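The residues making up each chain are set out below.
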Amino acid sequence: AEPVPFRGEHQAGIVTPAQDRMHFVALDVVTKDPAELRLLLKEWTRAAERMTYGAEAAPGGVVGGGPYQPPADTGEALDLPPSNLTITIGYGPSLFDGRFGLAGRKPEALHDLPGFVGDDLDPARSGGDLCIQACADDPQVAVHAIRNLIRIGLGVISVRWSQLGFGRTSSTSTSQTTPRNLFGFKDGTANIKAEDSDALTKHVWVDPADVPGNAAWMAGGSYLVTRRIRMHIEVWDRTPLQEQEDIFGRDKAVGASLHLPVDKRDEFAPLDFEAKGADNQPRIPMAAHVRLAHQSQLGGIRILRRGYNFTDGSDGSGHLDAGLFFVAFVRDAHKQFVPMQQALARADVLNEYIEHTGSALFAAPPGLGTDDDWGTQLF
Ligand code: HEM
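Just so we're clear, the structure is a prediction, and the values are computed from it rather than from any experiment.

1. Digging into the overall build of the protein
Scanning the protein from terminus to terminus reveals eight helices and ten strands. What you see for the protein is a C-alpha radius of gyration of 21 Å, in line with the 21 Å of a compact globule of 379 residues. Principal-axis analysis of the C-alpha atoms places the extent of the protein at approximately 75 × 45 × 40 Å. Counting the 379 residues in the protein, one finds 51% classified as buried. For the protein, contacts bridging at least 24 residues in sequence account for 76% of all contacts bridging at least 6. For the protein, the accessible surface area stands at approximately 16,200 Å², while carbon and sulfur atoms represent 53% of it. A distance of 2 Å separates the average location of the 36 positive side-chain charges in the protein from that of its 49 negative side-chain charges.

2. Things to note about the coordination of the iron atom of the ligand
In an ideal octahedron of six donors the angles at the metal are 90 or 180 degrees, and in an ideal tetrahedron of four donors they are 109.5 degrees. With respect to protein ligation, the iron atom of the ligand binds only His-289 (NE2), at 2.0 Å. Relative to the elements of secondary structure, His-289 occurs in helix H6 (residues 289-292).

3. A look at helix H1 (residues 34-52)
Between its first and last C-alpha atoms H1 spans 27 Å; for 19 residues at 1.5 Å apiece the expected length is 27 Å, and the two agree. Within the sequence span of H1, burial applies to Leu-37, Leu-40, Leu-41, Trp-44, Thr-45, Ala-47, Ala-48, Met-51 and Thr-52. On its buried side, H1 packs onto strand S1 (21-29), strand S2 (86-91), strand S3 (130-136), helix H2 (139-152), strand S4 (157-165) and helix H8 (374-378). With its phi angle positive at about 90°, Gly-54 sits one or two positions after the end of H1.

4. Quick look at the packing of aromatic side chains
Counted according to the given criterion, the structure contains 15 aromatic pairs. Aromatic side chains Phe-24 and Phe-362 sit 6.3 Å apart centroid to centroid with 50° between the ring planes, which places their arrangement in the tilted category. With Phe-24 in strand S1 and Phe-362 in strand S10 (residues 354-364), this pair connects stretches of sequence that are 338 residues apart. Accessibility assignment for this pair places Phe-24 and Phe-362 in one class, buried. Ring geometry for Phe-185 and Trp-236: centres 6.1 Å apart, planes at 75°, overall edge-to-face. Residue Phe-185 is located in the loop between strand S5 (167-168) and helix H3 (197-203), and its partner Trp-236 is located in helix H4 (residues 233-236); the two are separated by 51 residues in the primary sequence. The class of Phe-185 is buried, set by a relative accessible area of 2%. The rings of Phe-183, Phe-185, Trp-236, Phe-248 and Tyr-353 are connected pair by pair, giving a single aromatic cluster.

Conventions used here
Residues numbered from 1 in each chain as written. Predicted model: local features only at pLDDT ≥ 70, side-chain atom pairs only at ≥ 80, totals over all residues. Heavy atoms only, no water. Helix = DSSP H or I, 4+ residues; strand = E, 2+ residues; numbered from the N terminus. Rg over C-alpha atoms; globule rule 2.2 N^0.38 Å. Buried < 20%, exposed > 50% of the residue type's maximum accessible area, 1.4 Å probe, protein only. Contact = heavy atoms within 4.5 Å. Areas by Shrake-Rupley, 256 points an atom, 1.4 Å probe, with all protein chains shown as cover. Lys, Arg positive; Asp, Glu negative; His and termini not counted. Charge placed at Lys NZ, Arg CZ, Asp CG, Glu CD. Donors = N, O, S within 2.8 Å, 3.2 Å for Na, K, Ca; no water. Expected span 1.5 Å × (residues − 1). Phe/Tyr/Trp six-rings, centres within 6.5 Å; stacked < 30°, edge-to-face > 60°.

In structure tokens:
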């Protein structure tokens, strides 16, 4: 298969059909020298582009440097195909705090998310000056990409937190089937898809008018929100099927709206929030997840979801530490993600089964032109 193009109007890894695996890392900048950061961004561009096409991070990387120095590529992806690798960069609000002379270039919408009711955030799994998202259909390819970018950044950046995702929980193209999350439900059915360019313009890509003056570098970019959401799967697994379906507002087998009779269930049929059941109650409950998150309840707001399932071992008290690493791309997180998450935090019946344990916001810049690099683009 052809590699995913690295350069273009927008960064890869946003509307690229969601790959099966993810390695995400949030980094802090440890140097005080803006020139070092700028040079690193340039070196990262070169290495990321090479790895996207299946090459070593540097020419002759694995053994070409000779026996007397550490190899310039760690080697574990040497014989593997590109596997649809995409590498997507993002900048956190703290990068623009003045340390690197970037304060004047901070987009207005890039400021920390507010707290939400029920948040249980771990600072060690939140925030970061920078992030890199690597997605691929082979986990070794994604991990290799992140590992080598970190290695190149030695002395300039340090790892703040990282997350592996082992299965996509979203589809971002009509060419894909809808995967399932760890609660066993199809996830991504009503997502914004790559083919819907009107929705992308309206809800995903930053418009030039959103970022006047010195923030214009962000036009064509997108804001990236991450939420590490622990799912209490043992509690869920003791919940009756009907209750599970009422919580989401869709059925478990097909992923269809609950108002449809069983023999007419179609995953992509529109949700009908007015339809009543035999008890004269709305068939999709008032506190169902899909009702609260639906644009009709939120003044037309939508988001592009691109999350992954995770299990990070166990919590030491007999439960798996598992859940959904929620990733969303939006034109303005404070106008889209924030009101949506406020509505969910307030009323979603799903909250009994989940816990938000990490959070971050990054500005993912637009794609790179032919001779451009991330350093030149930002500084
Ligand atoms: C829809 C699961 C968290 C926003 C859905 C659906 C499922 C689901 C099964 C229905 C299928 C679909 O249309 O994709 C989950 C789980 C979560 C979670 C298990 C946490 C562990 C969130 C969060 C947000 C969100 C934090 C945003 C703040 C949405 C939206 C929809 C949706 C916008 C589509 C609603 C529509 O237009 O029909 N989710 N979700 N979800 N979810 Fe979530």
